[in-house]
Amino acid sequence: MFLLDAPITGRRQVARGMFVIGMQAPEIASTVRAGQFVNLGWSAGPLLRRPFSVYRSDGVHIEVVLKAVGEGTRQLLAMDVGEHISCLGPLGHGFEFGAGTRTAVLISGGLGVAPMPLAARDARQAGARVTWVHGARTAVELCSETEGDEILWATDDGSEGARGTAVAASPDAELVLACGPNRMLAAVAERWPEAQVAVETYMGCGTGVCLGCAVPLQRGGYDRACREGPVYRAADIDWGALPSHLAYAVTA
Ligand SMILES: Cc1cc2nc3c(=O)[nH]c(=O)nc-3n(C[C@H](O)[C@H](O)[C@H](O)COP(=O)(O)OP(=O)(O)OC[C@H]3O[C@@H](n4cnc5c(N)ncnc54)[C@H](O)[C@@H]3O)c2cc1C
Ligand code: FES
């Protein structure tokens, strides 16, 4: 885990209201795995750092993707190239890619695209053919940067791709990875109990100390999303006890 003072190197729009911010953070960029996240803080920012999945990495820079949902995300999106962000990471337990996996499907709803470019990279490196199924409410909210051997779209209003959810539009595969609103991930768990899902929780420290990120488990008890998660085997989570409204849900 590294704590870096990372200059912003760029910003671009990838869907309506959805932006990617790039930062120079070599130690994190060269070690991050798909599904891991960074905890971001900045001067004049909120007291608590804000967690974001690492979207892309080129070994020197990392990117995060976000929408303005509150004061912290609004401030981040108002920052200029050259301003500095305090970046703690990589944090958490990412996706696992077994050698010999022949087919992988990545399922993302709205901002659930966040861990998927790295997941596509790592699944391809593990030798899998990658299908990415991306869903949103409507066509202009679909992220324009999906990649893979096959790309499928789903929209609630049918304005692009299949009408309905990304889960319904998804084919079966040996490896299923998903990120999106918790209610979408609960549907993934019903269809593919062995899927790996990146869940949403509230977070405090991001490093396992404050217990602010509790995830209820099927076997009873809780895990810390920031240490044991945020990626879980879908069947291991007690979906009924996990809030279904959290932030990735804002857009999907
Ligand atoms: C492991 C992890 C990875 C994440 N990755 C991304 C990402 O890649 N892109 C992205 O846009 N967001 C991501 N989030 C959610 C992001 O951290 C929150 O949207 C952000 O903290 C909101 O900060 P804010 O100050 O703008 O909002 P606030 O003013 O704090 O809150 C605004 C609204 O967002 C809700 N909210 C606040 N914090 C969270 C939270 N941690 N989770 C869910 N809802 C929250 C509040 O209930 C409120 O409705 C991730 C969260 C976790 C736990
Ligand atoms: S956020 Fe503090 S223990 Fe997980």
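Residues numbered from 1 in each chain as written. Chains lettered and ligands numbered in written order. Predicted model: local features only at pLDDT ≥ 70, side-chain atom pairs only at ≥ 80, totals over all residues. Heavy atoms only, no water.

Let's shift gears to the overall build of the chain. The number of helices and strands found in the chain is five helices and 16 strands. Across its three principal axes, the chain shows a C-alpha extent of roughly 45 × 40 × 35 Å. Across the chain, contacts joining residues at least 24 apart in sequence account for 63% of those joining residues at least 6 apart. For the chain, the exposed surface amounts to about 10400 Å²; the carbon and sulfur share of it is 51%. (Helix = DSSP H or I, 4+ residues; strand = E, 2+ residues; numbered from the N terminus. Contact = heavy atoms within 4.5 Å. Areas by Shrake-Rupley, 256 points an atom, 1.4 Å probe, with all protein chains shown as cover.)

Turning our eyes to something else, we now look at the domain arrangement of the chain. With domains assigned, the chain is organised as domain 1 (2–91) and domain 2 (103–251). Contacts between domain 1 and domain 2 engage 26 residues on the former and 29 residues on the latter. Where domain 1 abuts domain 2, roughly 2200 Å² becomes buried across the two surfaces, and 60% of that area is made up of carbon and sulfur atoms. Where domain 1 packs against domain 2, one counts four salt bridges. Close ionic contact of E141 with R16 constitutes a salt bridge, the shortest N to O distance being 3.0 Å. (Domains from an automatic or database assignment. Buried area = accessible area lost by both parts, 1.4 Å probe. Salt bridge = Lys/Arg side-chain N within 4 Å of Asp/Glu carboxyl O.)

Moving on to the environment of R191. Here R191 lies in helix α5 (residues 182–191). The spatial distance from the C-alpha of R191 to the C-alpha of A235 is 9.9 Å, given a sequence separation of 44 residues. Polar side-chain contacts of R191 include one of 2.8 Å to the backbone oxygen of V167. (Polar contact = N/O pair within 3.5 Å; in protein donor to acceptor, adjacent residues only side chain to side chain.)

Take α5 next. Every buried residue of α5 is accounted for by N182, M184, L185, V188 and A189. Down the axis of α5, the sector holding all buried residues measures 150°, keeping them to one side. For α5, the elements touching its buried residues are β8 (103–109), α4 (166–169), β12 (175–179) and β13 (196–198). (Buried < 20%, exposed > 50% of the residue type's maximum accessible area, 1.4 Å probe, protein only. Arc of directions from axis to C-beta.)

Turning our attention to the sheet that holds strand β3 (residues 37–41). What the seven strands build is an open sheet, ordered β4-β3-β7-β1-β2-β6-β5; its pairing is antiparallel. Unpaired on one side and paired on the other, β4 (50–53) and β5 (56–57) mark the two borders of the sheet. Taken together, the four bridges between β3 and strand β7 (residues 84–91) define a ladder with antiparallel strand orientation. If you follow N39 over to β7, its bridge partner there is L88. (Pairing = 2+ DSSP bridges.)

Burial within β12 is extensive, with five of its five residues counted as buried. Along β12, one buried face is formed by L175, L177 and C179 and the opposite face, lined by V176 and A178, is buried too. Taken together, the five bridges between β8 and β12 define a ladder with parallel strand orientation. Looking at β12, one finds that V105 is bridged to V176. With three bridges connecting them, β12 and β13 associate as parallel partners. If you follow C179 over to β13, its bridge partner there is A198.

As a further point, take the packing of aromatic side chains. Tallied over the entire structure, the rule returns zero aromatic pairs. Over the ring of F19 we find R11; its NZ or CZ atom is 4.7 Å from the centre of that ring. (Phe/Tyr/Trp six-rings, centres within 6.5 Å; stacked < 30°, edge-to-face > 60°. Lys NZ or Arg CZ within 6 Å of the ring centre and 35° of its normal.)

Our next topic: the side chain of T138. Mapped onto the fold, T138 is located in the loop between β9 (129–136) and β10 (150–155). Beyond its immediate stretch of four places on either side in the chain, T138 contacts R16, T155, D157 and S159.

Another point: unusual backbone geometry. With an omega of -5°, the peptide bond between G89 and P90 qualifies as cis. With respect to the secondary-structure elements, P90 resides in strand β7. For A44, which is not glycine, the phi torsion reads 70° and is therefore positive. By the element assignment, A44 lies in the loop between β3 and β4. With phi around 60°, L211 is a residue other than glycine that occupies positive phi space. Considering the arrangement of structural elements, one finds L211 in the loop between β13 and β14 (214–216). Since its relative accessible area comes to 59%, L211 is described here as exposed.

Attention now moves to the nonpolar core. Within soluble globular proteins, side chains that are nonpolar generally end up buried alongside one another. Core analysis: the largest hydrophobic core is formed by 51 residues, its most contacted members being L40, I62, V65 and L76. Excluding residues within four positions of it along the chain, I62 makes contact with I21, G22, M23, A25, I28, A29, V38, V54, R56, S57 and C87. Formed by 29 residues, the second largest nonpolar core is a distinct cluster that contains I107, A166, A189 and W192. (Core = buried A, V, L, I, M, F, W, Y, C linked by side-chain atoms within 4.5 Å.)

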